[in-house]
Amino acid sequence: MKRFYLVLLFLLSLSFFSCNTDFKPKPLNIIPKPAHAWLQPGYFTLAANSRILLGNHDSLRFEAQYLDSILNKYAGLKLKIIPVNGVKEIDNDIILRLTPGMSIGDEGYQLRVNRGTISVLANKPAGVFYGIQSLLQLFPSSFYTRTAEKKDIEVPHCFIKDEPRFSYRGMHLDVSRHFFPPADIKKYIDMLAMYKFNTFHWHLTDDQGWRIEIKKYPKLTKIGAWRDSTLIGRYGKKPVRYDEKRYGGFYTQDEVRDIVRYATQRHITIIPEIEMPGHSSAALAAYPELACTPGPFHVATTWGVFKDIYCPKEKTFRFLENVLTEVMELFPSKYIHIGGDEVPKARWKSSRFCQQLIKKDGLKNEEELQSWFIQRIEKFLNDHGRKLIGWDEILQGGLSPNATVMSWRGIKGGIAAARAGHDAIMTPGGYCYFDHYQADRNFQPLAIGGFTTLKKVYSYEPVPEELNAKEAKHILGAQGNVWTEYIPDFKKVQYMTLPRMAALAEVDWTPANKKNWPDFQRRIQQHFLIYKALGYNYCPGSYHVDISVEDTTASGLKVTLESEIYHPEIRYTLDGNAPTIHSKRYNRPFVVKHGTTIQAAVFVDGKLMEKPSVKKTK
Ligand code: TNX
């Protein structure tokens, strides 16, 4: 009988969908794309008298206030937040509720928008928070343009059941090469939250500046946080020029605590990175006795890799352990990142102390001395209940027993780590380095190099093919890295990361078989509107035109022109001249003869956006 009613209900709902012919669904624009989402006819209207009803009053208080503060900021709404128990009638309200036992993991959520209710259900507060992020992306982009009038907000009826693919979804920021004040770090955390990242890897120390207050070693920030000058333009370019301006800054422990709290509320763990044994010029400038040679050293004013590194003496370990002790007090993160990348061995080679240590401990060479160094630090962290992460160089000379590897020089490090039964986080340069160019460099602000377009980031698959199912479990997720040699201010941080971090968010969150580039390309247009409304700087993408030629027709060659830009205005020529605004507009593939030179470019508002692409057919 029950079954009969279910079938009846199903048939009725079908007829409802088909009768309702004026329902033109606007597709959902959520990024990262949910694992399961169904759009339904109709709209819920959020209004001034809507309330936020809490199923579990205390554990979701922040989530409710967070949602309310955004509604307040952009729509002037100030909703009542009250417990759902005791509410007589639910009418046009939002319910946030923990309902443990749902099959969507600790970060999953269920979001339902229907006639009288928006409900966000999850096992844990993190899930409710992510449900709210999805809800915010269902609002029209006009919601974010602060218009004076208080508007009702239309939210499409839908049902979403969602959970992330990977447990580690990270973004990194280097604050040593350039310093970003706490307010910018919070803005960055907001951007991460929007895209459901759960980890912020904070690169706090490097050759060009030590950025975290350590009470026991005040010179780290008194001396180590400041450089005398900064290189102008690209590293390696002649003549070398400096700006001759003192530059620096650091975070006090109070500021760090405040930022950690801010991130924790947004379900983001901050992994602090304290670089060792290399990339340590700033620390050595403050405490030269930690090096193998007497110094003096100075905080680096240019980029690259520096020969002076920590010397593996007892004094150094005492220093690093004391620093890490203060760092662990500030950061509750299970992981502590200790760097470990780009360690030139010259100083250790010529140091009598190091050579004796190598002999005494039966080590083979300086590589093994580096492993010995890292293992010692790992033991210290493990003894304090923490886990070590290092860049993939920590594989050289033998991996520490429990270390997690961050694979940046391609994917080899990740593969080796996973095969050895270690966890790995994938950050290969070619896909995950957001300091790289994202479009033709002749039309872009200065970047370090490379060419990592939005489409390329989107195409990234974090689990290497080479791994079997058991090894693949060790791939925790992917992370975008933002090195800031050529990123002097936060506007440029946004330009370099938006929209590429949106693409990476989808790599990390969405099931691989649900990813779809054309659909992402469409959804990101809505996000561009949100960026504009929020005043976020972003890169509209690569205007490069891909010219592909297929030898399929008897009459000639079939030419297809494509660009990463959504619905681009591509103009092309076949006569050897560069395309102009008056050249033929591309609409669909066309046929040319052998030996034709095709030139094509994207135009926006009559302006050529990038150097034309050129291809001569065979
Ligand atoms: C290599 S990636 C570095 C950084 C630079 C970056 C520039 C890594 C672990 N080390 O020190 O900033 O390249 O892309």
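Reference entry: report on the structure contained in this document.

So, how was this worked out
- Counting starts from 1 at the beginning of each chain's written sequence and moves along it residue by residue.
- Confidence filtering applies because this is a predicted model: local features only for residues at pLDDT of at least 70, side-chain atom pairs given and counted only at 80 or more, and all residues used for totals across whole chains, interfaces and linings.
- Heavy atoms throughout the structure, all of them, feed into the side-chain values; hydrogens and water do not.
- Note on conventions: DSSP H or I runs of at least 4 residues are helices, E runs of at least 2 residues are strands, and numbering of each starts at the N terminus.
- Exposed residues in this analysis have more than 50% of their type's maximum accessible area, buried residues have under 20%, and partly exposed residues fall in between, with area computed by a 1.4 Å probe over protein chains only.
- Whether two residues are in contact is decided by their heavy atoms: any pair within 4.5 Å suffices.
- Only when DSSP finds a minimum of two bridges between them are two strands counted as paired.
- For every element, the axis is a line fit to its C-alpha atoms; helices are fit only across the contacting stretch, and the angle between N-to-C directions ranges from 0 to 180 degrees.
- Geometric relationships in this document are graded by angle, where less than 35 degrees denotes roughly parallel, more than 145 denotes roughly antiparallel, 65 to 115 denotes roughly perpendicular, and other angles denote oblique.
- In this scheme, a crossing is called left-handed if the near helix is turned counterclockwise away from the far one by less than a right angle; it is called right-handed if the turn is clockwise.
- All amino acids are sorted into three groups, where Ala, Val, Leu, Ile, Met, Phe, Trp, Tyr, Cys and Pro are nonpolar, Asp, Glu, Lys and Arg are charged, and the leftover types, Gly among them, are polar.
- Given a helix with a known number of residues, its expected span is that number minus one, times 1.5 Å.
- By convention in this text, a residue qualifies as near a molecule or strand provided that one of its non-hydrogen atoms is within 4 Å of it.
- Pairs of N or O atoms are called polar contacts if they sit within 3.5 Å, as long as, within protein, a hydrogen donor faces a hydrogen acceptor (for residues adjacent in sequence, only side-chain-to-side-chain pairs).
- Values of accessible area rely on a 1.4 Å probe in the Shrake-Rupley scheme; residue burial ignores everything except the protein chains shown.
- Two rings from Phe, Tyr or Trp (for Trp, the six-membered ring) form a pair when their centres are within 6.5 Å of each other. A pair whose planes differ by under 30 degrees is stacked, one over 60 is edge-to-face, and the rest are tilted.
- By definition here, charges over rings are those cases where NZ of Lys or CZ of Arg is within 6 Å of the ring centre and within 35 degrees of the ring normal.
- Here a cavity denotes grid points, spaced 1 Å and computed from the protein atoms alone, that fit a 1.4 Å probe unable to get out, and a pocket denotes an open set having protein on both sides within 12 Å along at least 5 of 7 lines; residues with an atom within 4 Å of a point are the lining.
- Grid points are joined across faces, edges and corners, and a volume is the space filled by probe spheres set on the points.
- Note that a disulfide, as used here, is simply two cysteine sulfur atoms within 2.5 Å.

1. Quick notes on the side chain of Gln110
Consideration 1: On the secondary structure map, Gln110 appears in strand β5 (residues 109-113).
Consideration 2: According to the relative accessible area criterion, Gln110 is buried, its value standing at 16%.
Consideration 3: Sequence-distant contacts of Gln110, defined by excluding residues within four places in its chain, comprise Met102, Ile104, Ser119, Val120, Leu121, Phe159 and Ile160.

2. Some points on the sheet that holds strand β7 (residues 153-162)
Consideration 1: Within the open sheet, the seven strands sit side by side as β1-β7-β5-β6-β4-β2-β3. Their pairing is mixed. On the outer flanks of this sheet lie β1 (36-46) and β3 (80-83), each paired with one strand and no other. Mean inter-strand twist for the sheet, computed between neighbouring axes without regard to direction, equals 20°.
Consideration 2: Sheet analysis places β5 next to strand β6 (residues 117-122), joined by four bridges and oriented antiparallel. Directly across from Gln110, in β6, lies its bridge partner Leu121.
Consideration 3: Packing of helix α2 (residues 61-75) onto the sheet brings it into contact with β1, β2 (51-54), β3, β4 (93-98) and β7, and relative to β2 it is tilted by some 175°.

3. Overview of the packing of α2 against helix α3 (residues 125-138)
Consideration 1: Viewed as axis vectors pointing N to C, α2 and α3 meet at an angle of 15°, and their least axial separation amounts to 10 Å. Comparing their axes, α3 and α2 come out roughly parallel. Along this stretch, α2 crosses α3, giving a crossing that reads as right-handed. Residues Phe62, Glu63, Tyr66, Leu67 and Ile70 of α2 form the contact with α3, whose own contacting residues are Pro125, Val128, Phe129, Ile132, Gln133, Leu135 and Leu136.
Consideration 2: Taken together, the residues that form the contact of α2 with α3 break down as 10 nonpolar, one polar and one charged.

4. Description of α2
Consideration 1: Compared with an ideal rise of 1.5 Å per residue, which puts 15 residues at 21 Å, α2 spans 21 Å between its outermost C-alpha atoms and is within 8% of the ideal.
Consideration 2: Buried residues of α2: Phe62, Glu63, Ala64, Tyr66, Leu67, Asp68, Ile70, Leu71, Tyr74 and Ala75, and no others.
Consideration 3: Gly76, located one to two residues past α2, shows a positive phi value of around 70°.

5. Details of the site of the ligand
Consideration 1: Neighbouring residues of the ligand: Arg177, His279, Asp341, Glu342, Trp391, Trp408, Tyr433, Asp435, Ile448, Trp483 and Glu485.
Consideration 2: In this structure, an oxygen atom belonging to the ligand sits 2.7 Å away from a side-chain N or O atom of Asp435.
Consideration 3: One of the side-chain N or O atoms of Glu485 is found 2.6 Å from an oxygen atom in the ligand.
Consideration 4: Burial of the ligand by the protein chains amounts to 92% of its free accessible area of 360 Å².
Consideration 5: Split into classes, the residues belonging to the shell around the ligand amount to five nonpolar, one polar and five charged.

6. Some details on the sheet that holds strand β19 (residues 404-407)
Consideration 1: The eight strands lie next to each other as β8-β9-β16-β17-β18-β19-β20-β21, forming a closed barrel whose pairing is parallel. Strand after strand, the sheet turns through a mean of 30° between neighbouring axes, direction not considered.
Consideration 2: One ladder, built from five bridges, connects strand β8 (residues 168-174) with strand β9 (residues 199-203); its direction is parallel. Of the residues in β9, the one forming a bridge with Met171 is Phe200.
Consideration 3: This element, helix α12 (residues 412-419), spans β19, β20 (424-426) and β21 (475-480) of the sheet and lies at about 160° to β19.

7. A closer look at the packing of helix α10 (residues 352-360) against helix α11 (residues 366-383)
Consideration 1: Two numbers describe how α10 lies on α11: the axes approach to 10 Å, and their chain directions differ by 80°. Here α10 lies roughly perpendicular to α11, going by the angle between them. For the pair α10 and α11, contact is made by Cys354, Gln355, Leu357 and Ile358 and by Glu366, Leu369 and Trp372, respectively.
Consideration 2: Counted by class, the contact of α10 with α11 contains five nonpolar, one polar and one charged residues.

8. Regarding the packing of aromatic side chains
Consideration 1: Counted according to the given criterion, the structure contains 37 aromatic pairs.
Consideration 2: An angle of 40° between the planes, with centres 6.4 Å apart, marks the rings of Tyr433 and Trp483 as tilted. Highlighted residues: Tyr433 in the loop between α13 (429-432) and α14 (454-458) and Trp483 in the loop between β21 and α16 (490-497), separated in sequence by 50 residues.
Consideration 3: For the pair Tyr572 and Tyr586, a centre-to-centre distance of 6.4 Å together with 75° between the ring planes defines the contact as edge-to-face. On the criterion of sequence distance, the pair formed by Tyr572 in strand β24 (residues 569-573) and Tyr586 in the loop between β25 (584-585) and β26 (590-592) is long-range, its members being 14 residues apart.
Consideration 4: Classification of Tyr586 by relative accessible area gives buried; the value is 11%.
Consideration 5: By the ring-pair criterion, three or more aromatic residues cluster together here, those being Phe179, Tyr188, Phe200, Trp202, Tyr251, Phe331 and Phe490.
Consideration 6: Positioned above the aromatic ring of Tyr431, the side-chain terminus of Lys456 is 4.7 Å from the ring centre.

9. Describing the environment of Leu96
Consideration 1: Tracing the backbone shows Leu96 in strand β4.
Consideration 2: Considering only alpha carbons, one finds Leu96 and Ile309, 213 residues apart in sequence, at a separation of 52 Å.
Consideration 3: Setting aside chain neighbours within four positions, we find Leu96 in contact with Ile52, Leu53, Leu54, Gly55, Asn56, Leu60, Glu63, Ala64, Val120, Val128 and Ile132.

10. What to know about empty space enclosed by the protein
Picture a little ball the size of a water molecule; that probe, rolled over the atoms, points out where space is still empty.
Consideration 1: Under the criterion given, the structure shown has one cavity of 30 Å³ or more.
Consideration 2: Taken as a whole, the largest cavity holds about 30 Å³ of empty space.
Consideration 3: Together, Thr205, Asp206, Trp210, Glu275, His279, Ser280, Ala282, Ala283 and Tyr310 line the largest cavity.
Consideration 4: Elements with a contribution of two residues or more to the lining of the largest cavity: β10 (205-206) and α7 (281-286).
Consideration 5: Within the lining of the largest cavity, the residues separate by chemical class into four nonpolar, three polar and two charged.

11. Quick word on the pairing of β6
Consideration 1: Counting buried positions along β6 gives five out of six residues, so the element sits mostly inside the fold.
Consideration 2: Pairing analysis gives six bridges linking β4 to β6, with the strands arranged parallel. When the bridges of β6 are listed, Arg97 appears paired with Leu121.
Consideration 3: Between β5 and β6, which pair antiparallel in sequence order, lie three residues.

12. Observations concerning the environment of Ala35
Consideration 1: Mapped onto the elements, Ala35 comes out in the loop between α1 (2-19) and β1.
Consideration 2: Taking the C-alpha atoms as reference, Ala35 lies 36 Å from Val559; in sequence the two are 524 residues apart.
Consideration 3: Among all residues touching Ala35, those that are not within four sequence positions of it are Lys161, Asp162, Glu163, Pro511 and Lys514.

13. What about the state of the cysteines?
Consideration 1: Counted by the stated rule, this structure contains one disulfide.
Consideration 2: Here Cys292 pairs with Cys311 through a disulfide, and the sulfurs are 2.3 Å apart. Note on the Cys292 and Cys311 pair: the S-S dihedral is about 95°, so by sign convention the disulfide is right-handed. A residue pair is termed long-range when its members are at least 10 positions apart, and Cys292 in the loop between α7 and α8 (314-330) and Cys311 in the loop between α7 and α8 qualify at 19 residues.

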